[in-house]
Amino acid sequence: MTMVDADWWSILRALDEPVAPPESIGRESILRAMVAGSMPEPMLAALNDRVARREGDGLEVPRDFDHAATQGRFERLAERLSEAYGCPCDSGLAQDSACFGSVWIPAEASRSHTKRTRIPLSLVVSVSKFGGVATYAASSPSDQKPYLHPDDRQRIEEALAGLGYLIVPKHILATPYDGPNGWVFGPAADATWFTRFFDYL
């Protein structure tokens, strides 16, 4: 089944659990900090403390999060990608993030490269803690455009789909975040839906 943009928005908005600002901080002080464009240290500490407890607060960790199942599926993904590329692919878990973890495919195993200089590129496959959504990209210098080879796309997408991950299109993740948890980022932030589900919070 091919999903259209409206399907993706329905999925992401359903996963984006509305979370009220911590009561110890107070909504009014959060709003003042958002208008000022910066969070005072005590406010940041309270936010970080709430997230650090990893109690499934709905921001970094969904309330119904199953760590063991997510960890097992992530480990199988790293194994499948290592098999698909015929080499060990490093993996690691994310901290202070809605991203669960990433798997890195080395440049020497990939067929992707920069467009202009054709420098081989490593690839990163990331999975979110929310709803089994995933994304992948080539890592390239900021002044170079990456060319993601179709062979790499196929291998990565087969590994992800085989484990039931949903691969969110890049243009959806690049859209500015307009969900219910905007208070986390503040008015000065350039938060996107990638930020919400795959980046530091």
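Residues numbered from 1 in each chain as written. Predicted model: local features only at pLDDT ≥ 70, side-chain atom pairs only at ≥ 80, totals over all residues. Heavy atoms only, no water.

Draft legend 1. How the structure looks around the sheet that holds strand E4 (residues 123-128). Reading across the sheet, the five strands line up as E1-E2-E4-E5-E7 and stay open at both edges, with mixed pairing between neighbours. Each having just a single partner strand, strand E1 (90-93) and strand E7 (166-167) make up the two edges of the open sheet. In terms of strand pairing, E4 meets strand E5 (residues 133-138) through five bridges, oriented antiparallel. Bridge assignment links Ser126 to a residue of E5, and that residue is Thr135. Contacts from helix H4 (residues 67-85) reach E1, strand E2 (99-105) and E4, with the element oriented near 10° to E2. (Pairing = 2+ DSSP bridges. Helix = DSSP H or I, 4+ residues; strand = E, 2+ residues; numbered from the N terminus. Contact = heavy atoms within 4.5 Å. Axes fitted to C-alpha atoms, helices over the stretch in contact; angles between N-to-C directions.)

Draft legend 2. Region of interest: the environment of Thr117. Mapped onto the elements of the fold, Thr117 is located in the loop between strand E3 (113-114) and E4. A sequence separation of 29 residues divides Thr117 from Pro146, and the C-alpha atoms of the two residues are 9.9 Å apart. Here the side chain of Thr117 touches Gln144 through a polar contact of 3.2 Å, side chain to side chain. (Polar contact = N/O pair within 3.5 Å; in protein donor to acceptor, adjacent residues only side chain to side chain.)

Draft legend 3. Geometry of unusual backbone geometry. Here the phi dihedral of Asp96 falls at roughly 55°; this positive angle occurs in a residue that is not glycine. Summarising the element assignment, Asp96 is placed in the loop between E1 and E2. Phi is positive for Arg118, close to 60°, though the residue is something other than glycine. One can find Arg118 in the loop between E3 and E4.

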